[in-house]
Amino acid sequence: LRLADETMMRGALAAAGFKDLTVERIAVTFEFDSAADFAQFRVDVAAPFRVLLDSQPAATRARIIEAVIEGAGTYAVANGRIRTVNETICYAGTR
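Just so it is clear, the structure is predicted and the values come from calculations on it, not from any experiment.

Asks: Would you mind showing me how to read the overall build of the protein here?
Replies: Across its full length, the protein holds four helices and two strands. Along the protein, from the amino end to the carboxyl end, the secondary structure elements read α-β-α-α-α-β. The C-alpha radius of gyration of the protein comes to 18 Å, more than 25% above the 12 Å expected for a compact globule of 95 residues. Expressed along its principal axes, the backbone C-alpha trace of the protein runs to roughly 50 × 35 × 15 Å. Taken as a whole, the protein presents about 6500 Å² of accessible surface, with 56% of it coming from carbon and sulfur.

Asks: Would you mind showing me how to read the packing of aromatic side chains here?
Replies: Inspection of the entire model under this criterion finds four aromatic pairs. When the ring of F30 is compared with that of F41, the centres are 5.4 Å apart and the planes differ by 40°; the resulting orientation is tilted. Of this pair, F30 sits in strand β1 (residues 19-32) while F41 is found in helix α2 (residues 35-45), placing the two residues eleven residues apart along the sequence. Taking relative accessible area as the criterion, F41 reaches 24% and is therefore assigned partly exposed. Centre to centre, the rings of F32 and F38 are 5.4 Å apart; their planes meet at 80°, and the pair counts as edge-to-face. The class of F32 is buried, set by a relative accessible area of 10%. Taken together, the aromatic side chains of F30, F32, F38 and F41 make up a single cluster linked through ring pairs.

Asks: How should the packing of helix α3 (residues 47-54) against helix α4 (residues 58-72) be read in this particular structure?
Replies: Any two packed helices are characterised by how steeply their axes cross, that is the angle between the axes, and by the distance between the axes. Relative to each other, α3 and α4 sit at 140°, their axes nearing to 9 Å. Note on element contacts: α4 touches α3 through R61, I64, I65 and V68, opposite F49, L52, L53 and D54. Broken down by class, the residue content of the contact of α3 with α4 amounts to six nonpolar, no polar and two charged.

Asks: Help me out: how do you make sense of helix α1 (residues 6-15) in this one?
Replies: Within an α-helix, residues lying three or four positions from one another point in the same direction, as the helix has 3.6 residues per turn. Two to three positions downstream of the cap, the backbone nitrogen of T7 sits 3.1 Å from a side-chain oxygen, assigning the N-cap of α1 to D5. Positive phi shows up at G17, right after α1, with a value of about 100°.

Definitions and cut-offs
Residues numbered from 1 in each chain as written. Predicted model: local features only at pLDDT ≥ 70, side-chain atom pairs only at ≥ 80, totals over all residues. Heavy atoms only, no water. Helix = DSSP H or I, 4+ residues; strand = E, 2+ residues; numbered from the N terminus. Rg over C-alpha atoms; globule rule 2.2 N^0.38 Å. Areas by Shrake-Rupley, 256 points an atom, 1.4 Å probe, with all protein chains shown as cover. Phe/Tyr/Trp six-rings, centres within 6.5 Å; stacked < 30°, edge-to-face > 60°. Buried < 20%, exposed > 50% of the residue type's maximum accessible area, 1.4 Å probe, protein only. Axes fitted to C-alpha atoms, helices over the stretch in contact; angles between N-to-C directions. Contact = heavy atoms within 4.5 Å. Nonpolar A, V, L, I, M, F, W, Y, C, P; charged D, E, K, R; others polar. Polar contact = N/O pair within 3.5 Å; in protein donor to acceptor, adjacent residues only side chain to side chain.

And the structure:
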């Protein structure tokens, strides 16, 4: 089930007995002191990423993390912090 697929989620919630469904898309901004902090956050919260890292030898893990740090640098703002804007989709209904 792809949670970002609004049609699928509405169908799954309706099948589970929910009605009067509403959907709201909300921008969520994450800000980090550094690109390295961003990379650590990804390791800490993104289970598929962590599984990928855990399956690699140490040297490969280090290269992957360095690539994430380098890529995160493109999101640096004037004060040097890393800022990413993401979207979350909130579903609500009654049962």
